[in-house]
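# Breakdown of the fold
Residues per chain, in single letters:
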Amino acid sequence: MTHEYTVPGGLDDPAVETTEVPEPGAVTIVVPTFNESANVRQLLHQITESVPARLPCEVVFVDDSTDDTPQVIEEAVKDCPFPVTVLHRDEPVGGLGGAVVEGMKAAGSDWIVVMDGDCQHPPSLVPELVATGERANAGLVVASRYIKGGSRAGLAGSYRVAVSRGATWLTKALFPRRLHGISDPMSGFFAIRRSDITAEALKPLGYKILLELAVRSRPRAVTEVPFVFQERFAGESKSTAAEGRRFLRHLAGLRTADPLARMVVFGLIGLTGFVPNLAALWAMTQAGLHYLPAEIIANQFGVAWNFLLIEKLLFRERRVHRHWADRTIRFALLANADLVLRIPLIALLVGQFGLTVLPATALALVITFVLRFAGTEALVYLPRRSRSRTARSTA
């Protein structure tokens, strides 16, 4: 559940008791926060000092905090000459990226600037981001640490620098076309036109919302401005190993959104399933078990392995369509039904073509690959028909 309230007060608010919503500014600054109570007062001060004199603005905090961050914002806003809205989420769905999407939906301006709440993104650059977008008629303006004039000086330690560089290289290698013209896809500081956002298409996971926007909702034109990444004003970085794992899952989900790419990944996962399948088959045939029952038993090892990887890497976003038990049973039935085709094929390859059991099994797995992929998509991970009809009727 999300709780929304506009914080009253501000230097331009002569009557605190009024319930009239202020006119939206020329830019909405969206700030996702998680336990940033020590930073938000300083951030609002920096915005006050550098933005309103050059560009009318409003600020939307989307807060997932478990500390007193909302209360600190409410107190600090009394010195602000612009409206401030706080959206507090009881359930932080999608992490920081999900918070940004919520803020974008609440924005009242054509231009939206996204920035962190830890003061590492200088608010003085906000007017330049918007002005650059207007001059270039761009839909997205990225504040980049990796073009001339930019710097990653605020990254603490060589480890974080290496992780940032590695993540940047990986994302650009995976999405060379979508990220063309974006030197810093890991940046959390950017301006985007509200008209260039397709909120319904976004499926954020973790803190790299710019990557999500660039891949799923590519704006009409992209440009960049340099910026110097600052040191944190207070507190500690929220970047953890868990966030790193979420980032990798997010990358996998983005990369497999295309059906052809999804088939390729499905095949790669299937290849890794050869290992437990063939290892179990070898062990059982070495123990003297006939290869046909051994094939049936060994297949379960490969099925379990493939299902776990497919759930985590390939169809994560579609798991909501069916209960996990339903998916498990359907996948197991489909994978074992595959044996009805594969066992006669294996017998043919062994009996008529003289292949041994292991290469015959591997070849049969390859032959039935396309059928397994199509069946998995259609029978395990597509939405139920009744839900689809309900959704269409509601629409």
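Here's what I pulled together on the structure shown here. Model, not experiment: these values are computed from the prediction.

## Description of unusual backbone geometry
You will see that Cys119, though not glycine, has its phi angle at about 70 degrees, which is positive. Residue position: Cys119 is located in the loop between strand S5 (111-114) and helix H4 (126-136). A positive phi angle, close to 50 degrees, is found at Asn137, a residue other than glycine. Structurally, Asn137 can be placed in the loop between H4 and strand S6 (140-144). Asn137 sits in the partly exposed class, given a relative accessible area of 47%.

## As for the pairing of strand S3 (residues 57-63)
Along S3, seven of the seven residues are buried, which leaves the element largely enclosed by surrounding structure. Looking at chain direction, strand S2 (residues 27-33) and S3 are connected through seven bridges and run parallel. Bridging across to S3, Thr33 finds its partner in Asp63. Chirality of the crossover, the property in question, places the unit of S2, helix H1 (residues 40-50) and S3 among those that are right-handed. When S3 meets strand S4 (residues 84-89), the two strands line up parallel, connected through five bridges. Among the inter-strand pairings, Phe61 is bridged to a residue of S4, identified as Val86. At this point the chain moves from S3, through helix H2 (residues 69-76), to the parallel S4, and the crossover so formed is right-handed.

## Some details on a nonpolar patch on the surface
A grouping of Leu348, Phe353, Leu355, Leu363 and Ile367 is seen on the molecular surface, where their side chains present a nonpolar patch of about 450 Å² in accessible area. You can see Phe353 is positioned in the loop between helix H10 (324-351) and helix H11 (357-367). Accessibility expressed as a relative area gives 59% for Phe353, which makes it exposed.

## What about the packing of aromatic side chains?
Per the counting criterion, the structure on display carries five aromatic pairs. An angle of 85 degrees between the planes, with centres 5.5 Å apart, marks the rings of Phe189 and Phe227 as edge-to-face. Of this pair, Phe189 sits in the loop between helix H5 (157-174) and strand S7 (190-193) while Phe227 sits in the loop between strand S8 (222-226) and helix H7 (241-255), and the two are 38 residues apart along the sequence. Of the two residues, Phe189 and Phe227, both sit in the buried class. Chaining the aromatic ring pairs together yields one cluster made of Phe189, Phe227 and Phe229. Directly above the ring of Phe229 sits Arg145, whose terminal nitrogen or CZ lies 5.4 Å from the centroid.

## A word on H1
Within the span of H1, buried status applies to Val40, Leu43, Leu44, Ile47 and Ser50. End-on view of H1: buried residues confined to an arc of 145 degrees, all on one side of the axis.

Conventions adopted
Residues numbered from 1 in each chain as written. Predicted model: local features only at pLDDT ≥ 70, side-chain atom pairs only at ≥ 80, totals over all residues. Heavy atoms only, no water. Helix = DSSP H or I, 4+ residues; strand = E, 2+ residues; numbered from the N terminus. Buried < 20%, exposed > 50% of the residue type's maximum accessible area, 1.4 Å probe, protein only. Pairing = 2+ DSSP bridges. Right-handed = clockwise from strand over helix to strand, strands pointing away. Patch = residues over 30% accessible without salt bridge, like charges linked within 9 Å, V, L, I, M, F, W, Y side chains within 5 Å. Areas by Shrake-Rupley, 256 points an atom, 1.4 Å probe, with all protein chains shown as cover. Salt bridge = Lys/Arg side-chain N within 4 Å of Asp/Glu carboxyl O. Phe/Tyr/Trp six-rings, centres within 6.5 Å; stacked < 30°, edge-to-face > 60°. Lys NZ or Arg CZ within 6 Å of the ring centre and 35° of its normal. Arc of directions from axis to C-beta.

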